[in-house]
Amino acid sequence: MAKRSPVRVVFLGGLGEIGRNCACVEVDGRIVVLDCGVMFPDPDMPGVDLVLPDFTYLRENAARVEAVVITHGHEDHVGGLAYLLRDLEVPIYGSELSLGLARNRIDEAGLAGRAQYVEVTDGERRSIGPCEVEFIPVTHSVPCSFALAFHTPQGVVLHSGDFKLDLEPVDGRRTDLARIGAISSDEGVALLLSDSTNAEEPGFTYSESTVGATMARVFAASTGRRVVVACFASHIHRVQQVMDAAVASGRKVATLGRSMAKNVDLAQRLGLLDVPAGALVEIEDIDRLRPGDVCVISTGSQGEPMSALSLMATGDNKWFQVTDGDVVVISAHPIPGNEWSVGRVIDELHRRGAEVVHSGSEAVHVSGHARQGELRTLLAVARPKAFVPVHGSTATSSTTPSSPGGWASRRTRSSCARTVTSCVSMRRGCIGTAPCPPATCTWTGRWVTSVTECFETAASSPRRAS
Ligand SMILES: [Zn+2]
């Protein structure tokens, strides 16, 4: 029998870190690049605007690179394309929206002529380079996201993409677990690469549709006042729900920030955003409206220094001056590393007299990433032979369950607690990021599934008399 070609998976970024997701799937020396994102710089990187994947391997093997396939349109998955295309000219495969979002950046970089876009649809299977790639719908915080199944000579390599199992998504498009189950039954999954962002969070992530009810409540409580909502410009479902709540409370909506205006326009053209006739107004026209008739949807939810919200906070925004009584909703959670910037923006907004609503005070945000219950469900359905947690810090990657009932065996700290008992006894010396196996807490007898929970249990429970 002929020997089957080996398959290599090479990571150029996105392992043990949040951002710059980029990997290569390589068969018979032919390379397909899987995502190409950027990472926000850490506070200890002064003067650095963006951090890119290490493209050295791709530059040195440019002739062997056949294509780029993208899971979804977030910056940490497509933002690096505008840099990669300077060195390579290859087709880019993705959903119409993902390609549209990537294209904005590529055009801005003056590389429009070097990009060739190939649109794919839900469930489509394409022959790309050395293997067949299947695009499986998943729910996430940007519409039209995919998990990718690479059908290779060594079996199926399944990449979850960024995903959650939202049973009531705003657009009704659910994660196609049935297809993943069918692949598992028919061919088997040789390797699963799974999102591990929320691997330390027990339970299930709330549905995106729950944010709509909170928004309606916030708008109802803000009668007679201007409302600004900051969120990711690519989060079209969030934008939709903000618009719905604004229009239902009799407001007009203006966008603020270049990417927000572009993405609203793109999503409308693709039929992904439903804007009632007459609801949108230009930002320069909002001063003609009564305060209670105004809603502004803005960029800057991560406290980025030159974003619309940051400029609002410092009083430098040309279009919107924050005044007493304005309500500013930050409908996002800071990406790790951005907490300080977001905190500073919140402080400045308060100083200017705004009421600030954020995820710590109201349920104005839910994550786009799966928690432990969903990660276990994916593992139970996919039943992979091998497993690599991706898209997370070293801590979350290590905490990701490697089987539906178990946990990854890799440890991040040599002193990691092996049991809850030893964890509790070590809690003063442990930073709380190392994974513990699930166990029964010796103090309370309760089932404990994470180090964090173990700490909370230990802190709040009196020690049992021995
Ligand atoms: Zn994402």
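Calculation notes
- Residues numbered from 1 in each chain as written.
- Predicted model: local features only at pLDDT ≥ 70, side-chain atom pairs only at ≥ 80, totals over all residues.
- Helix = DSSP H or I, 4+ residues; strand = E, 2+ residues; numbered from the N terminus.
- Contact = placed C-beta atoms within 7 Å.
- Core = buried A, V, L, I, M, F, W, Y, C linked by C-beta atoms within 7 Å.
- Buried ≥ 20, exposed ≤ 12 C-beta atoms within 10 Å, placed from the backbone.
- Pairing = 2+ DSSP bridges.
- Axes fitted to C-alpha atoms, helices over the stretch in contact; angles between N-to-C directions.
- Right-handed = clockwise from strand over helix to strand, strands pointing away.
- Arc of directions from axis to C-beta.
- Left-handed = near helix turned anticlockwise from the far one by under 90°.
- Nonpolar A, V, L, I, M, F, W, Y, C, P; charged D, E, K, R; others polar.
- Expected span 1.5 Å × (residues − 1).
- pLDDT = per-residue confidence, 0-100.

Let's talk about the overall build of the chain
Across its full length, the chain carries 14 helices and 19 strands. Excluding contacts between residues fewer than 6 apart, the proportion of contacts in the chain whose partners are at least 24 apart in sequence is 69%.

Some thoughts on the nonpolar core
In terms of nonpolar packing, the biggest core is built from 112 residues, with Val69, Leu81 and Val329 touching the most fellow members. Top element by residues in this core is helix α7 (residues 236-248). It accounts for six residues. Those residues in contact with Leu81, other than ones at most four positions away along the chain, are Cys36, Val68, Ile92, Ala102 and Ile106.

Digging into the sheet that holds strand β2 (residues 22-27)
The six strands are arranged β1-β2-β3-β4-β5-β6 in an open sheet whose pairing can be described as mixed. Of all strands in the sheet, those bounded by a partner on one side alone are β1 (7-13) and β6 (116-119). Adjacent strand axes in the sheet meet at a mean angle of 25° when their direction is disregarded. In the sheet, β2 pairs with strand β3 (residues 30-36) via six bridges, with the strands oriented antiparallel.

Things to note about the pairing of strand β13 (residues 252-256)
In terms of burial, β13 is largely enclosed, as four of its five residues are buried. By the bridge criterion, five bridges tie β13 to strand β14 (residues 294-298) in an arrangement that is parallel. Within β14, the position partnered with Ala254 by the bridge is Val296. Taken together, β13, helix α8 (residues 258-269) and β14 constitute a β-α-β crossover, and its handedness is left-handed.

Section: the environment of Val33
Position of Val33 relative to the elements: it lies in strand β3. Between the alpha carbons of Val33 and Val9 there is a distance of 9.7 Å; along the sequence they are 24 residues apart. If near-sequence neighbours (up to four positions away) are discounted, Val33 is found in contact with Cys22, Cys24, Leu58, Val65 and Val68.

Digging into helix α6 (residues 210-220)
Taken residue by residue, α6 has Val211, Thr214, Met215, Val218 and Phe219 as its buried positions. One side of α6 holds all its buried residues, which, seen down the axis, span an arc of 135°. Facing away from the buried surface of α6 by more than 90 degrees, the exposed residues are Ala213 and Ala220. Next to the buried residues of α6 lie β12 (227-230), α7, β15 (327-330) and β16 (355-357).

Regarding the sheet that holds β14
Read from one edge to the other, the open sheet built from five strands follows the order β13-β14-β12-β15-β16, with strand pairing classed as parallel. With one partner strand each, in any of the chains shown, β13 and β16 form the two edges of the open sheet. Each neighbouring strand pair of the sheet contributes to a mean axis angle of 20°, computed without reference to strand direction. Sheet analysis places β12 next to β15, joined by four bridges and oriented parallel.

Regarding the packing of α6 against α7
Running from N to C, α6 and α7 cross one another at 35°; their axes reach a closest spacing of 9 Å. Note on packing geometry: the crossing formed by α6 with α7 is right-handed. Mapping the contact onto sequence places Val211, Gly212, Met215, Ala216 and Phe219 in α6 and Arg238, Gln241, Val242, Asp244, Ala245, Ala246 and Ala248 in α7. For the contact of α6 with α7, the per-class residue count stands at eight nonpolar, two polar and two charged.

Side note on the pairing of β2
Within β2, five of the six residues are buried, leaving the element largely enclosed by the surrounding structure. Linking β2 to β3, which pair antiparallel, is a turn of two residues; within it Asp28 sits at a positive phi near 50°.

A short note on α7
Compared with an ideal rise of 1.5 Å per residue, which puts 13 residues at 18 Å, α7 spans 18 Å between its outermost C-alpha atoms and is within 8% of the ideal. Taken together, the buried positions of α7 are occupied by Ile236, His237, Arg238, Val239, Gln240, Gln241, Val242, Met243, Ala245 and Ala246. Here the buried face of α7 lies against α6, β12, β13, α8 and β14. Gly250 sits one or two residues past α7 and shows a positive phi near 80°.

What about unusual backbone geometry?
Even without being glycine, Asp35 reaches a positive phi, approximately 65°. Secondary-structure assignment places Asp35 in strand β3. Positive phi values are uncommon outside glycine, yet Cys144 reaches one of about 60°. Residue placement: Cys144 occurs in the loop between β8 (131-138) and β9 (145-152).

A few points about the confidence of the model for the chain
For the chain, the mean per-residue pLDDT works out to 86, and 84% of the residues sit at or above 70. This stretch, residues 407-466, has a pLDDT under 50; its non-local contacts, to residues over four places away or in other chains, come to 86 contacts.

A word on the environment of Glu134
By secondary structure assignment, the location of Glu134 is in strand β8. Separated by twelve residues in sequence, Glu134 and Asp122 have C-alpha atoms that sit 8.9 Å apart. When residues no more than four places from it in sequence are discounted, the contact partners of Glu134 are Arg125, Ala149 and His151.

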